[in-house]
Amino acid sequence: MSTQVGSAIGKPGLIVRGEIRVGRMADASPINLPVLIATGRKKGPTVWLQACVHGEEYGGAAAIINFMQNVDVNELSGTIIAVPVANPPSFNFRSRVSYIDGQNLNRLFPGSMGGSYSFQLAAVLRTEIGKADYIIDLHSGGIGAEVPFYVIYKDDGSEVVQRSKELAKQVGCSTIWRAKERDGLGATVTAEALRLGVPAVTIECGGGTFTDQNLQDYLTSIDGFMKAVGILPGPAPRQKEYTIVSDGTFIHNREGGMFVPACKVGTIVSKGQLLGRMINMFGETTEEIRSPHDNAFIAALRCNYYPTHAGEIVGEAVPIETHEAA
Ligand SMILES: [Zn+2]
């Protein structure tokens, strides 16, 4: 049976396109998610590939567009459902949250058709992702922050977690964030996927400036994931050793101003080490931002001199839990 998502109906040997209807704006213009379905000639699993759950993280959309333009559908065993922009009202305004209701889509799954717009979008997405066997979700630091290339899998203690972890080891990067409930990530799309029994990983890469290296890293991760699940032929990349990080802290500033980083993303810092400073418009340091953890991976930092209100996220520090061999 062919895969149908929104108005797109998959056909073996073809990439078809369509739209997923979510709702309408006040002026009745439609809110639709663009969707592509690439169907191989051979049978295999179905992967849901998406980006821009946070609309400002446009690098993921660029990577999906690039991947789908270059994939050879005749090589595929199975189906790829690609959604470059999962949150158009947030994408249109280059915003992490939706300008319609101010909500962060990735914190309110499973959503509800009886809730505000973002809850309705989450409910629509939840129905569609249930059609897939695997999910890969692309994120970045957004416009005002940078992240290094790493992968997240959600560990809720369920049986599918092992499969998610196995896939996380095959996307071409050596740092893996094992996200637990207390990381505050219990209502993300990947957490919801696990509740639906679907193994899922989140790729993090780049941010404010989308570089050629960022595109390459995203493409490496998509290609590796497709190989790991058997949709693309050939072996997926494996690293000699993996660094598993967990129990991360989102670091919020107290003082508004401009953020001046004091270290680089992806580095390992000790407790109390300076991560950056807030400066006011007179150039004075109004706050020093320090690592709350020892032996911690810096998973995100605000961009250089980025204007920042009090209480925004200026960084993420995630302690190293263990090292694992391949
Ligand atoms: Zn994101």
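Residues numbered from 1 in each chain as written. Predicted model: local features only at pLDDT ≥ 70, side-chain atom pairs only at ≥ 80, totals over all residues.

### Details of the sheet that holds strand β13 (residues 257-261)
In space, the 4 strands of this open sheet follow the order β16-β15-β13-β18, with antiparallel pairing throughout. Among the strands making up the open sheet, the edge pair consists of β16 (285-290) and β18 (306-308). Neighbouring strand axes in the sheet, compared pairwise and without regard to direction, differ in orientation by 35° on average. Examined bridge by bridge, β13 and strand β15 (residues 274-279) share 4 bridges and lie antiparallel to one another. Bridge assignment links Pro261 to a residue of β15, and that residue is Gly276. (Pairing = 2+ DSSP bridges. Helix = DSSP H or I, 4+ residues; strand = E, 2+ residues; numbered from the N terminus. Axes fitted to C-alpha atoms, helices over the stretch in contact; angles between N-to-C directions.)

### Points about the domain arrangement of the protein chain
Segmentation of the protein chain into domains returns domain 1 (4-239) and domain 2 (248-321). Distance from the C-alpha centre of domain 1 to the C-alpha centre of domain 2: 28 Å. Between domain 1 and domain 2, the residue contacts involve 13 residues of the former and 12 residues of the latter. Elements with a minimum of two residues in the side of domain 1 that touches domain 2: β8 (145-154) and β9 (175-179). Top element by residues in the side of domain 1 that touches domain 2 is β8. It accounts for 5 residues. Of the residues in the side of domain 1 that touches domain 2, the class split is 5 nonpolar, 5 polar and 3 charged. (Domains from an automatic or database assignment. Contact = placed C-beta atoms within 7 Å. Nonpolar A, V, L, I, M, F, W, Y, C, P; charged D, E, K, R; others polar.)

### Considerations on the environment of Cys173
Of note, Cys173 is situated in the loop between α4 (161-168) and β9. Separated by 97 residues in sequence, Cys173 and Ser270 place their C-alpha atoms 23 Å apart. Setting aside anything within four residues of it in sequence, one finds Cys173 in contact with Phe149, Tyr150 and Val151.

### Description of the pairing of β15
Pairing geometry for β15 and β16, over 5 bridges, is antiparallel. The residue bridging Gly276 from the neighbouring strand is Ile289, located in β16. Between the antiparallel neighbours β15 and β16 lie 5 residues, among them Gly283 with a positive phi of about 80°.

### Here's the deal with unusual backbone geometry
Residue Phe109 is joined to Pro110 through a cis peptide bond whose omega torsion reads 15°. Its location among the elements puts Pro110 in the loop between α2 (88-91) and α3 (117-129). A positive phi is found at Asp247, a non-glycine position, where the angle reads about 60°. Inspection of the secondary structure assignment puts Asp247 in the loop between β11 (241-246) and β12 (249-252). By C-beta crowding, Asp247 is classed as partly exposed, having 16 other C-beta atoms within 10 Å. Positive phi, normally seen in glycine, also occurs at Asn295, with a value near 55°. Mapped onto the secondary structure, Asn295 falls in the loop between β16 and β17 (296-302). (Buried ≥ 20, exposed ≤ 12 C-beta atoms within 10 Å, placed from the backbone.)

### Remarks on the pairing of β9
Judged by how many residues are buried, β9 sits mostly within the fold: 5 of 5 residues are covered. In β9, alternate side chains face the same way, and those of Thr175, Trp177 and Ala179 on one face and Ile176 and Arg178 on the other are all buried. Relative to β9, β8 is paired through 4 bridges, and the arrangement is parallel. Looking across to β9, one finds that Val151 is bridged to Ile176. Between β8 and its parallel partner β9, the chain crosses via α4, and the hand of that crossover is right-handed. Of the strand pairs in this sheet, β9 and β11 are connected by 4 bridges, and their pairing is parallel. For Thr175, the partnering residue across the bridge sits in β11 and is Thr243. (Right-handed = clockwise from strand over helix to strand, strands pointing away.)

### Structural notes on the environment of Leu76
Relative to the helices and strands, Leu76 is located in the loop between α1 (59-70) and β6 (77-83). The buried category is assigned to Leu76, around which 24 C-beta atoms lie within 10 Å. In contact with Leu76, not counting residues within four places along its chain, are Ala38, Gly40, Ile231 and Leu232.

### A short note on helix α6 (residues 212-228)
An α-helical turn contains 3.6 residues, so any two residues separated by three or four positions project in the same direction. For α6, with 17 residues, the first-to-last C-alpha span of 24 Å sits near the 24 Å given by 1.5 Å per residue. Within α6, burial applies to Asn214, Asp217, Tyr218, Ser221, Ile222, Gly224, Phe225, Met226 and Ala228. In this structure, the buried residues of α6 make contact with β5 (42-51), α1, β7 (134-139), β8, α4 and β10 (200-207). Backbone geometry just downstream of α6 places Gly230 in the positive-phi region, at approximately 90°. (Expected span 1.5 Å × (residues − 1).)

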